[in-house]
Amino acid sequence: MQDAYLRWFKGKVKKAMTHYQMICDGDRVAVGLSGGKDSMALLQVLHMIRREVPVRYDLHAIFINPGWPMDVDIMADFCRQRDIPFTNKLTDIGEVVFIERQEKNPCALCANLRRGAINNTARALGLNKLALGHHLDDAIETFMMSLIYTGQFRTFSPVTYMDRSNITLIRPLIYITGQTVETFVERYGLPVVKSLCPVNGKTKREEMKKLVEMLDERYPDLKTRFLTAFQTFDPQNLWPPMVSRHPARGDICKGEGVKNKIE
Ligand SMILES: Nc1ncnc2c1ncn2[C@@H]1O[C@H](COP(=O)(O)OP(=O)(O)OP(=O)(O)O)[C@@H](O)[C@H]1O
């Protein structure tokens, strides 16, 4: 018999998949596998619910190997035990980012190169969807980083079609918090591969993670509120676009140029 926690966890994933129509019948889904807990949990849950949803889909795990030492066998075994094809794509991303370019802020470049490599690999394998292990905390942290560092209200979407590669990116863990993913991983004894990335844990995102956790402790349910805000955002509740940046004489204060509905 399945325990209630597992049913609840799978229910959240199924809900996100249904709400944003992430997977359709016959899809061939690449799963970006980093060896970390989020993507290991993602692969496990997508594998588990295959038999429970009304659509048939294939899974294929892809690891973009940055070239620094990592225990790839753990990922390969994990996939083999579940009969899921696994591609270990060896790249020189580590060398380009840390030796050739000696980037001061290497995460953006690394993520960019990885994105290109995973899209190309998925396309070459004939896969049409790409699932990533981003969860609700990641969406909130991205939102806060955009706001604090660039003054924009933005975060990533649960589903994004990428026309250059003709692949649709999906994020089935988007309704789940990082803590919930961690519990799932511990409870079901999923293996996690240690990342030997030289900047692991020292990024701006880590700083943002701490800020969100602090706010969440102070204001319980904050993460649920963020989720509701992402789902129901209405631009009418913000300022309207500026009519003109360089007003000519007589344009100011007619009181009619800009109308913001108040109801
Ligand atoms: N080297 C990689 N190869 C394939 N996919 C990757 C790789 N690194 C990251 N991804 C994918 O991108 C997602 C987000 O990556 P990020 O670097 O933010 O990792 P994370 O949030 O720590 O997740 P994880 O716990 O899975 O490492 C991962 O969950 C995974 O699906």
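Note on numbering: residues in each chain are counted from 1, in written sequence order. For this predicted model, a pLDDT threshold of at least 70 governs which residues receive local features, and a threshold of 80 or more governs which side-chain atom pairs are given and counted, while totals over whole chains, interfaces and linings are taken from all residues. For side-chain calculations, the full set of non-hydrogen atoms in the structure is used, while hydrogens and water are omitted.

- The protein chain is annotated in an unreviewed UniProt entry as tRNA 2-thiocytidine biosynthesis protein TtcA from Sporotomaculum syntrophicum.

1. Some details on the nonpolar core
(1) Moving on: Residues L43, L46 and F184 are the most contacted members of the largest nonpolar core, which totals 56 residues.
(2) Moving on: Ranked by the residues each element gives to this core, the list is headed by helix α2 (residues 37-48), at seven residues.
(3) Moving on: What makes a nonpolar core is a set of buried Ala, Val, Leu, Ile, Met, Phe, Trp, Tyr and Cys residues whose side-chain atoms join them at distances within 4.5 Å. Here's how the labels work: a residue is buried when its accessible area is under 20% of the maximum for its type, exposed when over 50%, partly exposed in between, all with a 1.4 Å probe on protein chains only. Of all hydrophobic cores here, the second largest spans 16 residues; its members include A30, I62, A122 and L169. The helix and strand labels rest on DSSP assignments: H or I over at least four residues marks a helix, E over at least two residues marks a strand, and numbering proceeds from the N terminus.

2. Quick notes on helix α4 (residues 93-100)
(1) Moving on: Residues of α4 that are buried: I93, G94, V96 and V97.
(2) Moving on: Whether two residues are in contact is decided by their heavy atoms, any of which lying within 4.5 Å being enough. Buried residues along α4 sit against β2 (57-65) and α5 (106-124).
(3) Moving on: Once α4 finishes, Q102 follows within two positions and takes phi at roughly 45°, a positive value.

3. Let's talk about α5
(1) Moving on: By definition here, a helix of n residues has an expected span of 1.5 Å times n minus one. The end-to-end C-alpha distance of α5, which contains 19 residues, comes to 27 Å, matching closely the 27 Å that a straight helix rising 1.5 Å per residue would cover.
(2) Moving on: Buried residues of α5: P106, L109, C110, A111, A117, I118, N119, T121 and A122, and no others.
(3) Moving on: Two residues or fewer after α5 comes G126, characterised by a positive phi angle close to 75°.

4. Focus on the UniProt feature "domain: tRNA(Ile)-lysidine/2-thiocytidine synthase N-terminal" (unreviewed entry) in the protein chain
(1) Moving on: Here the UniProt-annotated "domain: tRNA(Ile)-lysidine/2-thiocytidine synthase N-terminal" (unreviewed entry) positions come out as residues 29-193.
(2) Moving on: This span, residues 29-193, is 45% helix and 18% strand, and a straight line between its end C-alpha atoms measures 22 Å. UniProt positions are given in the numbering used here, feature names are shortened, and annotations may be inferred rather than shown by experiment.

5. Overview of the UniProt feature "binding site: ATP" (unreviewed entry) in the protein chain
(1) Moving on: In this structure's numbering, the residues bearing the UniProt feature "binding site: ATP" (unreviewed entry) are G32, L33, S34, D38, I64, G133 and D138.
(2) Moving on: Turning to its location among the elements, G32 is positioned in strand β1 (residues 27-32).
(3) Moving on: Residue G32 is classed as buried on the basis of its relative accessible area, which comes to 11%.
(4) Moving on: Every residue in contact with G32, bar those within four places of it in the chain, is listed here: S39, I62, I118, L130, A131 and L132.
(5) Moving on: Among the structural elements, D38 can be located in helix α2.
(6) Moving on: If near-sequence neighbours (up to four positions away) are discounted, D38 is found in contact with G133, H135, D138, L173 and V181.

6. With respect to the sheet that holds strand β6 (residues 167-170)
(1) Moving on: Two strands pair under a simple rule: DSSP has to find at least two bridges between them. Here we have six strands laid out as an open sheet, ordered β3-β2-β1-β4-β6-β5, and mixed in their pairing. With one partner strand each, in any of the chains shown, β3 (86-90) and β5 (159-162) form the two edges of the open sheet. If you compare each strand with its neighbour and ignore which way they point, the axes differ by 25° on average.
(2) Moving on: The sheet contact formed by β2 and β3 spans five bridges and is parallel. Across the sheet, the residue bridging to N65 is L90, located in β3.
(3) Moving on: Docked against the sheet, α2 engages β1, β2 and β4 (129-131), running at close to 165° with respect to β2.
(4) Moving on: Every axis corresponds to a line fitted to the C-alpha atoms, with the helix fit spanning only the stretch in contact, and the corresponding angles, defined between N-to-C directions, vary from 0 to 180 degrees. Strands β2 and β3 of the sheet are contacted by helix α3 (residues 72-81), whose axis makes an angle of about 155° with β3.

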